[in-house]
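# Observations on the model geometry
Next come the chains, spelled out residue by residue.
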Amino acid sequence: QITLKESGPSLVKPTQTLTLTCTFSGFSLTTSGMGVGWIRQPPGKALEWLALIYWDDEKRYSPSLKNRVTITKDPSKNQVVLTMTNMDPVDTATYYCAHRTAAMVTYGGQGTLVTVSS
Amino acid sequence: DIQMTQSPSTLSASVGDRVTVTCRASQSIGSWVAWYQQMPGKAPKLLIYKASSLQGGVPSRFSGSGSGTEFTLTISSLQPDDFATYYCQQYNSYSMWTFGQGTKVEIK
């Protein structure tokens, strides 16, 4: 059974850097074709894709956030970390991580709500 | 960047109705489209992957079709549990992902 759990601060101040961790089980990021991604959803708004990392360390970033976002992996810990710099109140959202296989993308976590406020 | 244009944004329907949601990609993406159902406060739930493959455990009243740039999610007979928001997502291999804007299915 595959599980994903997002963790990180629930409140950050404007201009601070956000660090979120996705801890997963049931698959390995050393397996060919596997990937982990991050998306977010501001309150009452649509889903927005942020970043993606593959088993071979290939990375993809949303063009609108590329200069602010970094994604890394630690397969030994079954973790993927997303950092986002220069946080702003518009970045207030629920952040989800996702599991990408060769065929599909699934979202198994509860998400983590991050509020940006001074 | 690949854009996904989803329509309609809101859909009012009754139990038993046949419902269709459409996504159009700005360029050809083969069959790399998934459809998700999202309930308030919950993570998206995968319904359909690779445009037309039904995820395990998802009722057969859900179906997907299309390839290239036009994709459709159909609910053959709307049930009370189906009132939710639906999103398409393109996830072309080793490319960026993109979501549609969402379709809220409301009770008529």
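Here the structure is shown first, and the text comes after it.
Everything in this summary refers to the structure shown in the same document. (Residues numbered from 1 in each chain as written. Chains lettered and ligands numbered in written order. Predicted model: local features only at pLDDT ≥ 70, side-chain atom pairs only at ≥ 80, totals over all residues. Heavy atoms only, no water.)

### As for the overall build of chain B
In plain terms, the rule: Strands are runs of DSSP state E lasting at least 2 residues, helices are runs of H or I lasting at least 4, and numbering of each runs from the N terminus. Remark: exposure states derive from per-residue accessible area (1.4 Å probe, protein chains only) relative to the maximum for the residue type, with buried under 20%, exposed over 50%, and partly exposed in between. Residues count as neighbours in contact if any of their non-hydrogen atoms are within 4.5 Å of one another. When charges are counted, Lys and Arg are positive and Asp and Glu negative, with His and the chain ends excluded. Where a charge lies is defined by one atom per residue type: Lys uses NZ, Arg uses CZ, Asp uses CG and Glu uses CD.
A count of helices and strands for chain B gives zero helices and 11 strands. Mapped from its N terminus to its C terminus, chain B presents α and β elements in the order β-β-β-β-β-β-β-β-β-β-β. Each of the three principal axes of chain B carries a C-alpha extent, and together these read 40 × 25 × 25 Å. Among the 108 residues that make up chain B, the fraction classed as buried is 48%. When contacts within chain B are restricted to residue pairs at least 6 apart in sequence, long-range pairs at least 24 apart make up 55% of them. Once the 8 positive and 6 negative side-chain charges of chain B are each reduced to a mean point, those two points are 4 Å apart.

### Some remarks on the interface of chain A and chain B
Inclusion rule: The term buried area refers to how much accessible surface (probe radius 1.4 Å) is lost by two components on association, counted for both of them together. A pairing counts as a salt bridge when a side-chain nitrogen of Lys or Arg comes within 4 Å of a carboxyl oxygen of Asp or Glu. Pairs of N or O atoms are called polar contacts if they sit within 3.5 Å, as long as, within protein, a hydrogen donor faces a hydrogen acceptor (for residues adjacent in sequence, only side-chain-to-side-chain pairs).
The interface is formed by 26 residues belonging to chain A together with 22 residues belonging to chain B. Between chain A and chain B lies a buried interface of about 2,100 Å² when both sides are counted; carbon and sulfur atoms form 64% of it. Considering only the surface of chain A that becomes buried against chain B, A:Leu47, A:Trp49 and A:Tyr107 emerge as the three largest contributors, covering 28% of it. For the pair chain A and chain B, the number of links is zero salt bridges. The interface formed by chain A and chain B holds 11 residue pairs in polar contact (both at pLDDT 80 or more) in total. Broken down by secondary-structure element, the contributors of at least two residues to the side of chain A that touches chain B are strand E4 (35-41), strand E5 (48-54), strand E6 (59-61), strand E9 (93-100) and strand E10 (105-106) of chain A. Counting residues per element, the side of chain A that touches chain B draws most heavily on E5(A), which supplies four residues.

### Examining the sheet that holds strand E7 (residues 69-74) of chain A
All names here are of chain A. Put simply, the rule is: In short, DSSP must find at least two bridges between two strands for them to pair. Structural elements are reduced to axes, namely lines fitted to C-alpha atoms, with helices fitted over the stretch in contact, and the angle between N-to-C directions of any two is expressed from 0 to 180 degrees.
Here four strands make up an open sheet; going across it, the order is E1-E3-E8-E7 and the pairing antiparallel. Looking at the sheet topology across the chains shown, the edges are occupied by strand E1 (3-7) and E7. On average, each strand axis in the sheet is tilted by 15° relative to the strand beside it, whichever way the strands run. Two elements, strand E3 (residues 18-25) and strand E8 (residues 79-84), share six bridges in a ladder whose sense is antiparallel.

### What to know about the packing of aromatic side chains
Test applied: Centres within 6.5 Å make a pair out of two Phe, Tyr or Trp rings, where for Trp the six-membered ring is used; the pair is then stacked when the planes are under 30 degrees apart, edge-to-face when over 60, and tilted otherwise. For a lysine, the NZ atom is tested; for an arginine, the CZ atom; a charge sits over a ring if that atom is within 6 Å of the ring centre and within 35 degrees of the ring normal.
Tallied over the full model, the rule gives seven aromatic pairs over all chains. A ring pair is formed by A:Trp49 and B:Trp97, whose centres lie 6.3 Å apart and whose planes are at 45°; its orientation type is tilted. Taken together, the residues A:Trp49 in strand E5 and B:Trp97 in the loop between strand E9 (85-90) and strand E10 (98-99) connect one chain to another. Of the two residues examined, A:Trp49 and B:Trp97, each falls in the buried class. An aromatic cluster of three or more residues is present, and its members are A:Tyr107, B:Tyr36 and B:Phe99. Here B:Lys50 stacks its cationic end above the ring of B:Trp32, 4.7 Å away from the centre of that ring.

### Quick word on the side chain of B:Thr85
Residues and elements named next belong to chain B. Assignment of secondary structure puts Thr85 in strand E9. We classify Thr85 as buried; its relative accessible area is 19%. If we skip the residues at most four places from it in the chain, Thr85 touches Tyr36, Gln37, Gln38, Gly102, Thr103 and Lys104.

### Remarks on the state of the cysteines
Two cysteines form a disulfide when their sulfur atoms are joined by a covalent bond. Heads up, the condition is: Cysteine sulfur atoms that come within 2.5 Å of each other are treated as a disulfide pair.
Scanning the entire structure with this criterion turns up two disulfides over all chains. With its sulfur 2.2 Å from that of its partner, A:Cys22 forms a disulfide with A:Cys97. Because the torsion about its S-S bond is 65°, the bridge between A:Cys22 and A:Cys97 counts as right-handed. Residue A:Cys22 is found in strand E3, and its partner A:Cys97 is found in strand E9; the two are separated by 75 residues along the sequence. Neither A:Cys22 nor A:Cys97 differs from the other in exposure class; each is buried. Between the sulfur of B:Cys23 and that of B:Cys88 lies a disulfide, 1.8 Å long from S to S.

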